[in-house]
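Secondary and tertiary structure notes
The chain contents come next:
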Amino acid sequence: MNGVRQMIDGANRIVITSHKNPDGDAVGSGLALYNYLTDKGKDACFILPDLMPQNLKWIPGVDSIVTYKTSPEEADKIIANAEILIMADFNSSSRMGDAVKSFDASPAKRILIDHHPFPEIRTDVAYSRPEASSTSELVYELLSELSGADVLETTVATCIFTGIMTDTGCFNYNSSSPNVFHIIANLLESGINKDQIIDNIFNHFSETRLRLLGFSLYKKMKVIPEYQTAYIWLTKKELEAFNNQQGDTEGLVNYPLTIDGINFSALFTEKDGLTKCSFRSRGTFPANKVAAERFSGGGHLNAAGGEFHKTIGKTIYYFEKVLPEYEQYLEK
Ligand code: 5GP
Ligand code: MN
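This report concerns the structure included in the present document. Keep in mind that this is a model prediction, so the values were computed, not measured.

**Looking at the site of ligand 1**
In the neighbourhood of ligand 1, the contacting residues comprise R95, H116, K276, S278, R280, G297, G298, G299, A303, A304, G305 and G306. Here an oxygen atom of ligand 1 sits 2.5 Å away from a polar atom, N or O, in the side chain of S278. Here a nitrogen atom of ligand 1 sits 3.3 Å away from a polar atom, N or O, in the main chain of G298. Elements with a minimum of two residues in the shell around ligand 1: strand 10 (274-281), strand 11 (298-299) and strand 12 (303-308). The element that contributes the greatest number of residues to the shell around ligand 1 is strand 12, accounting for four residues.

**Comments concerning the coordination of the manganese ion (ligand 2)**
Around the manganese ion (ligand 2), the protein supplies D25 (OD), D89 (OD), H115 (NE2) and D167 (OD) as donor atoms, at distances of 2.2 to 2.4 Å. One chain supplies every donor to the manganese ion (ligand 2), and in sequence these donors are spaced D-x63-D-x25-H-x51-D. Pair noted here: D25 is in helix 2 (residues 24-39) and D89 is in the loop between strand 4 (84-88) and helix 4 (100-105), with a separation of 64 residues, a long-range link.

**Details of the packing of helix 6 (residues 154-167) against helix 8 (residues 194-202)**
Between helix 6 and helix 8, the least distance of the axes is 11 Å, while the angle of their chain directions is 60°. The pairing of helix 6 with helix 8 is recorded here as oblique in orientation. Between helix 6 and helix 8 the crossing geometry is right-handed. Along the contact surface, helix 6 presents T158, F161, T162, M165 and T166, while helix 8 presents K194, I197, I198, I201 and F202.

**Some remarks on the nonpolar core**
One finds L31, I86, I160 and L187 to be the most contacted residues of the largest nonpolar core, which totals 47 residues. Filtering out sequence-adjacent residues up to four positions away, L31 remains in contact with F46, I59, P60, G61, V62, I65 and C159. By size, the runner-up hydrophobic cluster in this structure holds 23 residues, among which are I224, Y231, V322 and Y326.

**Some points on helix 11 (residues 287-294)**
For helix 11, the full list of buried residues reads A287, N288, V290 and A291. Along the axis of helix 11, the buried positions cluster into a sector of 160°, meaning they face one direction only. Looking at the packing, one finds that the buried side of helix 11 touches strand 9 (264-271), strand 10, strand 11 and strand 12. Positive phi appears at S296, one or two residues downstream of helix 11, with a value of about 45°.

**Brief notes about the pairing of strand 7 (residues 221-224)**
The pairing of strand 7 with strand 8 (residues 229-234) spans four bridges and is classified as antiparallel. Its bridge partner being in strand 8, I224 is matched across the sheet by T229. Where strand 7 folds back onto strand 8 in an antiparallel hairpin, the turn is made up of four residues, including Q228, whose phi is positive at roughly 50°.

**A few points about the packing of aromatic side chains**
Counted under the stated rule, the structure contains 19 aromatic pairs. Here F268 and F279 contribute two aromatic rings whose centre-to-centre distance is 6.1 Å and whose plane-to-plane angle is 80°, an arrangement assigned as edge-to-face. Residue F268 is found in strand 9, and its partner F279 is found in strand 10; the two are separated by eleven residues along the sequence. Of the two residues, F268 and F279, both sit in the buried class. Ring plane angle 45° and centroid distance 6.3 Å describe the contact between F268 and F295, whose orientation is recorded as tilted. With F268 in strand 9 and F295 in the loop between helix 11 and strand 11, this pair connects stretches of sequence that are 27 residues apart. A residue is classified by how much of its surface remains accessible, and F295, at 0% relative accessible area, is buried. Sitting over the ring of F205, R209 keeps its end group 3.6 Å from the ring centre. Cation over ring: K220 sits above W233, and NZ or CZ is 3.7 Å from the ring centre.

**What to know about the pairing of strand 1 (residues 13-17)**
With four of its five residues buried, strand 1 lies for the most part within the structure. Looking at chain direction, strand 1 and strand 2 (residues 43-48) are connected through five bridges and run parallel. Bridge pairing in strand 2 links T17 to I47. Following the chain from strand 1 across helix 2 to the adjacent parallel strand 2, one finds a crossover that is right-handed. With four bridges joining them, strand 1 and strand 4 adopt parallel strand pairing. Within the sheet, the bridge partner assigned to V15 lies in strand 4 and is L85.

The rules we used
Residues numbered from 1 in each chain as written. Chains lettered and ligands numbered in written order. Predicted model: local features only at pLDDT ≥ 70, side-chain atom pairs only at ≥ 80, totals over all residues. Heavy atoms only, no water. Near = heavy atom within 4 Å. Polar contact = N/O pair within 3.5 Å; in protein donor to acceptor, adjacent residues only side chain to side chain. Helix = DSSP H or I, 4+ residues; strand = E, 2+ residues; numbered from the N terminus. Donors = N, O, S within 2.8 Å, 3.2 Å for Na, K, Ca; no water. Axes fitted to C-alpha atoms, helices over the stretch in contact; angles between N-to-C directions. Parallel < 35°, antiparallel > 145°, perpendicular 65-115°, else oblique. Left-handed = near helix turned anticlockwise from the far one by under 90°. Contact = heavy atoms within 4.5 Å. Core = buried A, V, L, I, M, F, W, Y, C linked by side-chain atoms within 4.5 Å. Buried < 20%, exposed > 50% of the residue type's maximum accessible area, 1.4 Å probe, protein only. Arc of directions from axis to C-beta. Pairing = 2+ DSSP bridges. Phe/Tyr/Trp six-rings, centres within 6.5 Å; stacked < 30°, edge-to-face > 60°. Lys NZ or Arg CZ within 6 Å of the ring centre and 35° of its normal. Right-handed = clockwise from strand over helix to strand, strands pointing away.

Fair warning: the whole summary comes from geometry, so function is off the table for now.
This is the structure:
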């Protein structure tokens, strides 16, 4: 931690980045760092590889985010000038999307803050703890230490709460450590409005998103009881018919797991030229193993993802074909 303090104290231009398809933890941890550093007078910038979901667009500092996909030249200039790069909530460079080249070309010192297992990123300091609930929890620890006895600003605390709350599915999983609740208590002391944050995130979706959920569960979910598996697959045409926006399918992959006897679930969504894959599992079934071995991805034991550079039809055919090879990991 000392190393991080010295690096931050000695630098002014600091760039923070996170992963593609950013979720609450990516945006929350990144903006917590951004708000903290700008409050301290640093010239900080948070660059995200692509657009963020609608339900996170209220988080303090969100208007200052530079999106690589829509402003690559501006982002390139900022990255080229950075003295420090902080990478939050991802463990492999491929998660940076098109921004990876500029980050790789930068001579700046690098700090990784992440809770995914098996980090594969070149960094000068790695603050990596797979047992943590979220990257936001690690950012809380880092900022608490950097700020000493000072209580965190409400804006910073709001970002951290958003990350921990979303990455634990509202404290449903990865949150059995009392430490998580000590942190939440401290965030409440910082003046966060917990009820408002939860309302902002869960109660302001579009009508079409909810109808897409209904359609997916009714018409597009296949259950394979012998492999304790269920999956949902959505073509580009179907996604367009429901006016799919960035983040609209987030959380969909969790629904099949609520069926009794289902321990592995997948969501396949068709994009231009590839199929995005999301995996969730219960117990010891290694979703990240399937993602890494078969779908050029990775992640946590129970939440992982990847992609397959084939049509969605070929992707689900392949998925069903390889599934029996993971039978040994299913509950007896
Ligand atoms: P989601 O299904 O919510 O998109 O992703 C769940 C988790 O899977 C993420 O937290 C991340 O760890 C991992 N993940 C998702 N997509 C990819 C991917 O394309 N590559 C890698 N390495 N991990 C991914
Ligand atoms: Mn996370």
